[in-house]
Amino acid sequence: VPELALPITTERLLLRREVPGDAPAIQAYRTLAEVNRYLAHGSVDVAFIRDRIERVWSGPFEQDGDVLGLAVEERYTGRFVGDAVLFLRSVEHRGGEVGYALDPAHTGKGYATEAAGAVLRLGFETFGMHRIVARLDPRNVPSARVLERLGMRPEAHFVRNEYSKGEWTDELVYAMLADEWAAPRR
Ligand SMILES: CC(C)(COP(=O)(O)OP(=O)(O)OC[C@H]1O[C@@H](n2cnc3c(N)ncnc32)[C@H](O)[C@@H]1OP(=O)(O)O)[C@@H](O)C(=O)NCCC(=O)NCCS
């Protein structure tokens, strides 16, 4: 990650690299049933999250499968509101994926859209990505609304292709290309 790329500040938020000490804050909301419902993982303990931060989410961002985990804070209060993630899916195809989760105490304010927009900017403008996707369960309507607000396009709807939490689930794929990001928007 280029030295000057982080932290990122937006109008209301600060996005910085996660540190192991963030694990309890992240675990507290990611384990809530309402937050967890459509995330790939089930309930996770603090030690698991700390280990992921130490070994994966704050590591290098160079190879397929690398993950950049970002803590999302309110810029003026320093309160921890959630996390946002950029996945390096393909070096060859310059492909990325964006993800996000908010503490329910901080939903309904546009923070996820603001944070995910900053991640798209990082992917396209700092890392020179060509295409960034987001994957979600179609029942996760609030998440689809985030992606629609960002101008991402629904591209695919896979039917019952993933086994998650005891059932076969559908998967929506949204995408945006670098030239779409660069086009005059909004
Ligand atoms: C997905 C998730 C991040 C969406 O959170 P969210 O709060 O709905 O999304 P935002 O933070 O972008 O906020 C948008 C809402 O705030 C409202 N809002 C209020 N003030 C706003 C402002 N200043 N700017 C923008 N939106 C604002 C918007 O109207 C919108 O509400 P609406 O969808 O009812 O119209 C959240 O539901 C979550 O963490 N879910 C669990 C984890 C998860 O599923 N992650 C995604 C996996 S694919």
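Residues numbered from 1 in each chain as written. Predicted model: local features only at pLDDT ≥ 70, side-chain atom pairs only at ≥ 80, totals over all residues. Heavy atoms only, no water.

**A short note on the pattern of salt bridges**
Applying the stated criterion across every chain yields a total of 18 salt bridges. The salt bridge partner of arginine 131 is glutamate 155, with a shortest N-O separation of 2.5 Å. A residue pair is termed long-range when its members are at least 10 positions apart, and arginine 131 in strand β6 (residues 131-136) and glutamate 155 in strand β7 (residues 153-164) qualify at 24 residues. Taking the shortest distance from any N to any O, the salt bridge between arginine 139 and glutamate 167 comes out at 3.0 Å. Pair noted here: arginine 139 is in the loop between β6 and α5 (141-150) and glutamate 167 is in strand β8 (residues 167-177), with a separation of 28 residues, a long-range link. (Salt bridge = Lys/Arg side-chain N within 4 Å of Asp/Glu carboxyl O. Helix = DSSP H or I, 4+ residues; strand = E, 2+ residues; numbered from the N terminus.)

**Here we look at the site of the ligand**
Taken together, 21 residues lie near the ligand, and Gly108, Ala112, Thr113, Asn140 and Arg145 sit nearest. The contact in question runs from a nitrogen atom of the ligand to an N or O atom on the backbone of tyrosine 100, over 2.8 Å. The contact in question runs from an oxygen atom of the ligand to an N or O atom on the backbone of glycine 110, over 2.9 Å. The fraction of the free accessible surface of the ligand (950 Å²) that becomes covered by protein chains is 69%. Looking at the shell around the ligand, the elements with two or more residues in it are β5 (95-102), α4 (111-126), β6 and α5. Residue contributions to the shell around the ligand peak at five residues, all from α5. Across the shell around the ligand, the residue classes break down as 10 nonpolar, six polar and five charged. (Near = heavy atom within 4 Å. Polar contact = N/O pair within 3.5 Å; in protein donor to acceptor, adjacent residues only side chain to side chain. Areas by Shrake-Rupley, 256 points an atom, 1.4 Å probe, with all protein chains shown as cover. Nonpolar A, V, L, I, M, F, W, Y, C, P; charged D, E, K, R; others polar.)

**Quick notes on the packing of aromatic side chains**
Summed over all chains, the structure comprises four aromatic pairs. When the ring of tyrosine 29 is compared with that of phenylalanine 80, the centres are 6.4 Å apart and the planes differ by 40°; the resulting orientation is tilted. Of the two residues, tyrosine 29 is situated in helix α1 (residues 23-30) and phenylalanine 80 in strand β4 (residues 80-90); the sequence distance between them amounts to 51 residues. Overall, the relative accessible area of 2% leaves tyrosine 29 in the buried class. Between the aromatic rings of phenylalanine 124 and tryptophan 181, the centroid separation amounts to 5.8 Å while the plane-to-plane angle is 25°, which identifies the pairing as stacked. In this pair, phenylalanine 124 is assigned in helix α4 and tryptophan 181 in helix α6 (residues 178-182), connecting sequence segments 57 residues apart. For the pair shown, phenylalanine 124 and tryptophan 181 are each scored as buried. (Phe/Tyr/Trp six-rings, centres within 6.5 Å; stacked < 30°, edge-to-face > 60°. Buried < 20%, exposed > 50% of the residue type's maximum accessible area, 1.4 Å probe, protein only.)

**Considering the environment of leucine 39**
Counting through the fold element by element, leucine 39 comes out in the loop between α2 (33-36) and α3 (46-57). Along the chain, leucine 39 and asparagine 140 lie 101 residues apart, while their C-alpha atoms are 9.7 Å from each other. Discounting residues that sit within four places of it in the chain, leucine 39 has contacts with Arg30 and Lys165. (Contact = heavy atoms within 4.5 Å.)

No statement about biological role is implied by the geometric values presented.
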